[in-house]
Each structure stands twice: as structure tokens, then as C-alpha cells.
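Residue-level listing of the chains:
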Amino acid sequence: MSDMITADLVDLDLSADTKEAAARALAERMVTQGRVTDLEGFLADVAAREAQMPTGLDGGIGIPHCRSAHVTEPTLAFGRSAAGIDFGAADGPADLIFLIAAPAGADDAHLTILSSLARQLMNAEFTSALRAAGDAGTAAALIRGDATPSDLEARSAAAGADGAPDTGGAPEAAAAQGAAGPSEDTAAAPVAASAGAAAGSAARTPDANAEVAAAEDVSAEDAGAEDGRAARADVQDAGGRPFRVVAVTSCPTGIAHTYMAAESLESAGREAGVELVVETQGSAGFTRLDPAVIAAADGVIFAHDVAVRDKDRFAGKPIVDVGVKAGINRPAELIAEVRDKAVRGEVSAPAHASAGTPVERAGDSTEGYGTKLRKWLMSGVSYMVPFVAAGGLLIALGFAIGGWQVNKAPSVMDHFLWTQTDSWGALLFQIGGVAFKFLVPVLAGYIAYGMADRPGLVPGFVGGAIALDINAGFLGGLAAGLIAGGVVMAVQRVRIPPALRGIMPVVVIPLISSAIVGFLMLVVIGKPIASAQKGLTDWLGGLTGANAVLLGALLGLMMCFDLGGPVNKVAYTFATAGIAVSDPSDSAMKIMAAVMAAGMVPPLAMALATTVRGRLFTPAERENGKAAWVLGASFISEGAIPFAAADPLRVIPSSMVGGALTGALSMAFGATLRAPHGGIFVVPLIGNPFLYLVAIAAGVCATTALVVLLKGMRRQSPVPTATDPATPAKETRQPIAA
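None of these values were measured; they are calculated from a predicted model.

Undergrad: Which residues make up the overall build of the chain, and what values do they have?
TA: Helix and strand content of the chain: 30 helices and 14 strands. By residue count, 47% of the 738 residues in the chain fall in the buried class. Long-range contacts, defined here as pairs at least 24 residues apart, represent 70% of the contacts in the chain between residues at least 6 apart. With an accessible surface of roughly 32,500 Å², the chain has 61% of that area assigned to carbon and sulfur atoms.

Okay, structure coming up:
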């Protein structure tokens, strides 16, 4: 941790009176050291994290923290407040404040070091030593791990034996000297104040609270509690082994609270004689607990503020489910509670009943219907896209090798010559055609899967196949998927005799749901949808002139609005739907060309901008810019996401302008494309390839110019850099995020 905190990042006399002022004071030190590039942007990220959940902890600790694109390297800043600052802890203000800053793309090694600090904060000796530290260098050494509380105690004892006070090497002695009375050394004053704050904070540590409660509470409830503890001890010892608990901890940022809760639970488990193993689901990823360990556990504790990943692994066991701060502040109570549940035989629902649908497992149970509908549709699209890419590229290669008449070739099962390129072209074309026949069934099947899990697959695929047969196309597939999912969800709500439950997912649900979906698609809604699909196809085929250019601009705007998100996927699906036939129209191929060209603009523009005006971007963004060249050339719009996330108000509008220009020009130039993917690697398959590249270049240049202009116009704010009051502060100009 030697590169994460230095004496310059320590303020032992933090004068701020609010958590916002404290974060700003410590963040300014990070800016001075070049660890943060945009003070206001970073503070906005800190405030956003604080809004999710207060970062104050019992024992006088505040840990404001965040991951931010404005951080160049993992950094810690430490401040000590004599008066205390309210960070939302139940026991009062915090006098020890740690500002933890992690880059948006921090690597696992750095996050592991930050998690080690979080665990150290649960050590009373560590926090006491920080409260008594006499200088910034000593505090920084403690936090880095270069010195330990026992080292300082040894030095303090040695200094006491020599009869000489040592304010640097023996902070405890210095604090005691300051507390005893006035000193000629004015530096002892803040140390004394800090010692007083330490005494006040020590009085509110969780251990101290427990001791006071034990001493004061002598009511009749204690007798019942003792009986309960005896009963739990019987459970623990009955099998000749200690009570076993597995736990999962997580927080929104995954840096501090996650690991502090883990350390607190493990310590409480050791004191209670419980075998407790924790799975920390932090920013550095997580290692799943051994299934054998979970199977052998007597109870489960979830201390989390984000969804527990793979939660169904713990189904069928006694579970205590609380927020992550409860895991930090009252671990012993949680262990006692899970023991009580085990005694009473309270267990969670089995895995098959609690797992939920794929969309429910991936999201929040409080999401509205509109959000769930979007996720259901995106579930189908995400499974369909690989079929689109593989089939489309095979068809395009078939045309490239076998010529434009390859779609008229006979089946390769009847006629195939190994030495003729036309036969190989026909082979590729026909394989791609077979892949394309899966598009609508896969779309419908996995929409239903997102709604109703595996029982939705059969009626979804059946409905999608019917949509394909009656020429209802993608509109029919969307309707079939939604109907199939809804029918299965309705059937699952019907109460049935226990004897039939075993055959429900295998026989009853597929049979009933497929019959209902088939009836609706063939008799009720199939023909109207097929007519609507035909009308849409005819409209696209009739697009000419200004209408085609406007459509290209609109699709370009959609492709660049959310860079791979739902709006982007709608435009892409619209384009691929037009070419997902054996003989697509010329208008459909123009739309596909415009969509791919516009999707290439944002990452290529960001790559160019970081090349021509690198000083406007952070080192991490300049590195991302190198990768964006390849991603953009490959038609992977997500290559621009790091830039859009760091500066959305400048990057996204600029990208939309460039994408709209490229889409409009591509349509105006009449460029066509049969392949649904591939970027510049399928240029030989593009109609009017030179003008197509001109359209892309125009959009890239427009977006680059706008991004450079907008970033160059950012207002600057002075940030003080000097910490010595005797030295005049220099002003450094720092960009302020919009």
C-alpha cells in the first residue's frame, strides 16, 4: 500500500464540520498529488455513493469512498477530527475519516489491498494507534502497514525508559504529555485534542457498548437469554462439532463495507466458537464458496446492500438477511439469530421455488412493469444476435465467393463439386440460410424464457416457428414470446394436487401453453400481425430520396444514444430483421449498412480524439482510446462506453451528431450491406464501399471535433495545493464536470 497513501495525504487536524467539507478537504490533497483529475466530478461520485447508504461506522469511523473515472490510481487520504463529523453512524460523529478513491477500472490487486485496510478498521488497537499518532508520517506508516500498533507501543516504552518524550516514534506518550498539561511544544495541542477525541470514541466502540449493556441490564430477560444460549450450545455440541455458518457480504461499491462486514462476522464467530466462512462479493470479483462448505453449514447470513449473486445456492437453510452495516455493527446478534432459526427449524424455500425467472434473478424485485418488459425483450434479442451474426456473415461470404446468383443455386446435397468455388459459395449461403431460420423462434423462445424460465421455452419456440410459417416475421416473434411467457406464468399460478406437481414442468405446462399459443397465433392474431409485417416491408421498399436520408439519420441517432443499450439494440434489430430473409430488398440492405456505419462512429471518434488532443483525457482514457480503434473498426459500439460514462454530457451528444451524419450519408450514397456485422472486415461485401467509408469518416471527424471543442470549453476551478500555512498556496486549474 506504499503507493496509496503518503504523509501528504494525511490531515491530523481536519477542521471540516460536515462530511461534504471533509471529503472536499481530503480530495483536494488527492488533486494536489495528481491522484484525482477532476475535483468536482470526483466529489459528485463520492456524494452519489454516500446517497446510497451512509458511510459512518460505529466506533467513530467514517469511510466515504467510491469508484470514479476521475481517479488515476487507487488512493487513500486520512483525516482526524477533534470535534467529530457526522457520517450517519448510530453512535455519533466520526473522528477518523478515510477517503478511499478507486479508479473505475481498478485491478484486483489494488482492490484487495483496499479491502485489507477495511478489515483493519475493525481492529481496536489499529484505530487507537491512529487516534494517538503524533505526526502525519506515523499515521501513514500505520495505514500502509509499515508500522504496527505494537511497534509504536514498544518505541513508546523505550522512550519512557530513557526519560525523553518522543512525539513521532511514541505518539501515545506524546498524547499523554499533551493531556497532562500545557507544553512548550505547540504541536502537542492537536495531539492532546486527538487523544481526548480518542477517549470519547473509545467509549462508543461496539465492544464497549456490549460491556456497558451487560453490566446495566440485569432484568428478568437475562434469565431467558441465558436459557436460549444454553439451548443453542446444545445444538452446537450435539453432533460433536461447532455450529457452522456461511455468510455473504456485499455493498454497492464493493470496496470497504463488504470486507469490514466480513472481518466483523469472522471475529464474532471466533468469539462465539462458531465456524464461520465468508464469501465477499466485492469489486475485485468473488470466489464462490465450496459447495461442500455450503452443504455442511447449519445457517446462512446475508449482509448485503446489493443483490446476492447465485443466491439459490443457499436455499433450504436457515437464513438471516440484513444490510451490510448490520454485519459490521452487530455480528454477534446475527450469529445468535441464525442459531435460533436453526433451533426452531426455520429454513428458506427450496431452490426451485426461490430462484425466480432469469430477469428476476438479474434485477431488482421492485422494478416496474416497463423495465421488466424491456428486459424480457432484450433477453430474446441477446440470444438471437449470435444467430444473426453467424448466419448473416455466412450468407455474405456465400455471395462473395459464389457471386450474386448464389441464392439460385441448387441444394448442395444434390450438387456439390469440391473444386468449384461456386459450390463452396452455395454451401456457405445455404448454411447461413438455415441459421437465419432460427432467428424468430429463438427470439420468441427466449423472450418467454426471460418471463417464465425454462417452462417458457417450448411454447415460445412453437409460437416463433408459427410466426415464421405465416410470414408474421419479427413482429410475430415478439408477440409469440410475450404470449407464451404470459400463458406459462398464468398456468403456474393455478393450484394443483401434489400428485401432479412432478409432471407439470415436463408434460402439463408445455402441452397446455403450446396449445394456447398455437391457437392464438394461427387463428386470432397471426393474420393481422402478418399484414402489419408486410406493410412495414413494403414501406421500407418504397423509401427513396429525403425519406431514406431522414431514416438513416434517425437510426444513426439511435445507434449512438446508449452505445449497445436497449435503444441501440432496437435500431440494430430493426435493421437485421430486414435482411434476415433469403432475398432481402435493396432498401433493407441500405438500412443495414447505415446502422453498422453509425455504430462504428463513437469508438473510432473517441480513439481519434485521444490521439489528436490527448491532454484533454486522463491516462486511463488514453489507454482506452488505443483499444477503441480496434473495437470501432469491428463495429463494437461499446468501445466508447468508458468515455461516455466519464463525461456523458459531452460524449453522447457528440456521438449522436456524428452517427446521424454517417447514417444519413450512407443512405444518400446508396451503400448496401448483406452482413449484419463485421465492421471494416466486410467492406468487400458492401455496395459502394468507397462512399461508405467516406460516410464513416465524416461522422468520425464531426464527433471528434465536437468532443474536443466541448472538452476544451470546460470551466476551470482553482484548487489549493499547499498544506503549510507559512507557504503561499499555489493555484492549479482543475476541470469541473458538468
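Undergrad: So what about the packing of aromatic side chains? Which residues, and what values?
TA: On inspection of all chains with the given rule, the structure shows 12 aromatic pairs. Centre to centre, the rings of Phe416 and Trp418 are 5.5 Å apart; their planes meet at 80°, and the pair counts as edge-to-face. Residue Phe416 is classed as partly exposed on the basis of its relative accessible area of 22%. Feature note: the residues Tyr383, Tyr446, Tyr449 and Phe461 constitute an aromatic cluster, connected by ring pairs.

Undergrad: Tell me what's going on with the packing of helix H19 (residues 439-452) against helix H21 (residues 473-492), and back it up with residues and numbers.
TA: Remark: H19 packs on H21, axes separated minimally by 8 Å, with the N-to-C direction vectors making an angle of 30°. By the angle class used here, H19 and H21 are roughly parallel. Here H19 and H21 pass one another in a crossing that is right-handed. Split into classes, the residues belonging to the contact of H19 with H21 amount to 15 nonpolar, six polar and no charged.

Undergrad: Tell me about helix H29 (residues 648-669), residues and numbers included.
TA: Structurally, the α-helix is built with 3.6 residues per turn, so residues lying three or four positions apart point the same way. Taking 1.5 Å per residue as the helical rise, H29 with its 22 residues ought to reach 32 Å, and the 31 Å between its terminal C-alpha atoms agrees with that figure. When we look at burial in H29, the residues that qualify are Arg650, Val651, Ser654, Ser655, Gly658, Gly659, Ala660, Thr662, Gly663, Ala664, Ser666 and Met667. Positive phi appears at Gly670, one or two residues downstream of H29, with a value of about 75°.

Undergrad: For the nonpolar core, give the residues involved together with the corresponding values.
TA: One finds Val595, Met596, Leu673 and Tyr692 to be the most contacted residues of the largest nonpolar core, which totals 84 residues. Every residue in contact with Tyr692, bar those within four places of it in the chain, is listed here: Ala593, Met596, Ala597, Ser666, Ala671 and Ile686. Ile5, Val46, Ile61 and Cys251 belong to the second largest nonpolar core, which has 51 residues in total.

Undergrad: Please provide a residue-by-residue account of the sheet that holds strand E10 (residues 319-322), values included.
TA: Here we have four strands laid out as an open sheet, ordered E8-E7-E9-E10, and parallel in their pairing. Bordering the open sheet on either side are strand E8 (275-280) and E10, each of which pairs with just one other strand. Shown here is a sheet whose adjacent strand axes are inclined to one another by a mean of 15°, direction ignored. With six bridges connecting them, strand E7 (residues 244-250) and strand E9 (residues 299-304) associate as parallel partners. Bridging from a neighbouring strand, Val246 pairs with Val300 of E9. Strand contacts of helix H11 (residues 257-272): E7, E8 and E9, with the helix running at about 175° to E8, the strand carrying the most contacts.

Undergrad: Tell me about unusual backbone geometry, residues and numbers included.
TA: Not every positive phi belongs to a glycine, and Asp453 is a case in point at roughly 65°. You can see Asp453 is positioned in the loop between H19 and helix H20 (457-469). Given a relative accessible area of 18%, Asp453 falls into the buried group.

Undergrad: Could you give an account of the side chain of Ser68, with specific residues and numbers?
TA: Tracing the backbone through its elements, the reader meets Ser68 in strand E4 (residues 65-68). Judged by relative accessible area, Ser68 falls into the buried class, the value being 1%. Polar side-chain contacts of Ser68 include one of 2.5 Å to the side chain of Asp45. Those residues within four positions of Ser68 in sequence are excluded, and the remaining contacts are Phe42, Asp45, Ala102, Pro103 and Ala104.

Undergrad: I'd like a rundown of the pairing of E9, residues and numbers included.
TA: The element E9 is largely enclosed, with a buried count of six among its six residues. Residue alternation in E9 divides its side chains into two sets, Gly299, Ile301 and Ala303 and Val300, Phe302 and His304, and both sets are buried.

Undergrad: Give a detailed account of the environment of Ser585, specifying residues and quantitative values.
TA: As for its placement among the helices and strands, Ser585 is situated in the loop between helix H25 (566-579) and helix H26 (586-612). The class of Ser585 is partly exposed, set by a relative accessible area of 31%. With 47 residues separating them along the chain, Ser585 and Asp538 place their C-alpha atoms 9.6 Å apart.

Undergrad: How would you explain the pattern of salt bridges if you had to name every residue and give the values?
TA: Per the counting criterion, the structure on display carries 15 salt bridges. One salt bridge connects Glu50 with Lys19, and the closest N-O pair in it is separated by 3.5 Å. Residue Glu50 is located in helix H2 (residues 39-52), and its partner Lys19 is located in helix H1 (residues 19-32); the two are separated by 31 residues in the primary sequence. Under the relative-accessibility criterion, Lys19 is labelled partly exposed at 24%.

Undergrad: Hey, could you go over the confidence of the model for the chain for me, with residue numbers and the actual values?
TA: Here the chain averages 77 in pLDDT, while 75% of its residues score no lower than 70. Every residue in residues 164-235 is under pLDDT 50, and counting partners more than four places away or in other chains gives 71 contacts. In this model residues 715-738 is a low-confidence stretch, pLDDT under 50, and it forms 47 contacts with partners more than four residues away in sequence or in other chains.

Undergrad: Tell me about a nonpolar patch on the surface, residues and numbers included.
TA: A surface patch of nonpolar side chains, about 450 Å² in accessible area, is lined by Leu397, Ile401, Trp418 and Trp424. Here Ile401 shows up in helix H17 (residues 369-402).

Undergrad: Please set out the packing of H21 against helix H22 (residues 504-524) residue by residue, giving values where relevant.
TA: Axis separation between H21 and H22 bottoms out at 9 Å; the angle between their running directions is 135°. The orientation of H21 with respect to H22, classified from their angle, is oblique. In terms of crossing hand, the pair formed by H21 and H22 is right-handed. Side by side, H21 and H22 meet where Gly476, Ala480, Ile483, Ala484, Val487, Val488, Val491 and Gln492 of the first sit next to Met504, Ile509, Ile512, Ser513, Ile516, Val517, Leu520 and Met521 of the second.

Rules used in this analysis
- Residues numbered from 1 in each chain as written.
- Predicted model: local features only at pLDDT ≥ 70, side-chain atom pairs only at ≥ 80, totals over all residues.
- Heavy atoms only, no water.
- Helix = DSSP H or I, 4+ residues; strand = E, 2+ residues; numbered from the N terminus.
- Buried < 20%, exposed > 50% of the residue type's maximum accessible area, 1.4 Å probe, protein only.
- Contact = heavy atoms within 4.5 Å.
- Areas by Shrake-Rupley, 256 points an atom, 1.4 Å probe, with all protein chains shown as cover.
- Phe/Tyr/Trp six-rings, centres within 6.5 Å; stacked < 30°, edge-to-face > 60°.
- Axes fitted to C-alpha atoms, helices over the stretch in contact; angles between N-to-C directions.
- Parallel < 35°, antiparallel > 145°, perpendicular 65-115°, else oblique.
- Left-handed = near helix turned anticlockwise from the far one by under 90°.
- Nonpolar A, V, L, I, M, F, W, Y, C, P; charged D, E, K, R; others polar.
- Expected span 1.5 Å × (residues − 1).
- Core = buried A, V, L, I, M, F, W, Y, C linked by side-chain atoms within 4.5 Å.
- Pairing = 2+ DSSP bridges.
- Polar contact = N/O pair within 3.5 Å; in protein donor to acceptor, adjacent residues only side chain to side chain.
- Salt bridge = Lys/Arg side-chain N within 4 Å of Asp/Glu carboxyl O.
- pLDDT = per-residue confidence, 0-100.
- Patch = residues over 30% accessible without salt bridge, like charges linked within 9 Å, V, L, I, M, F, W, Y side chains within 5 Å.

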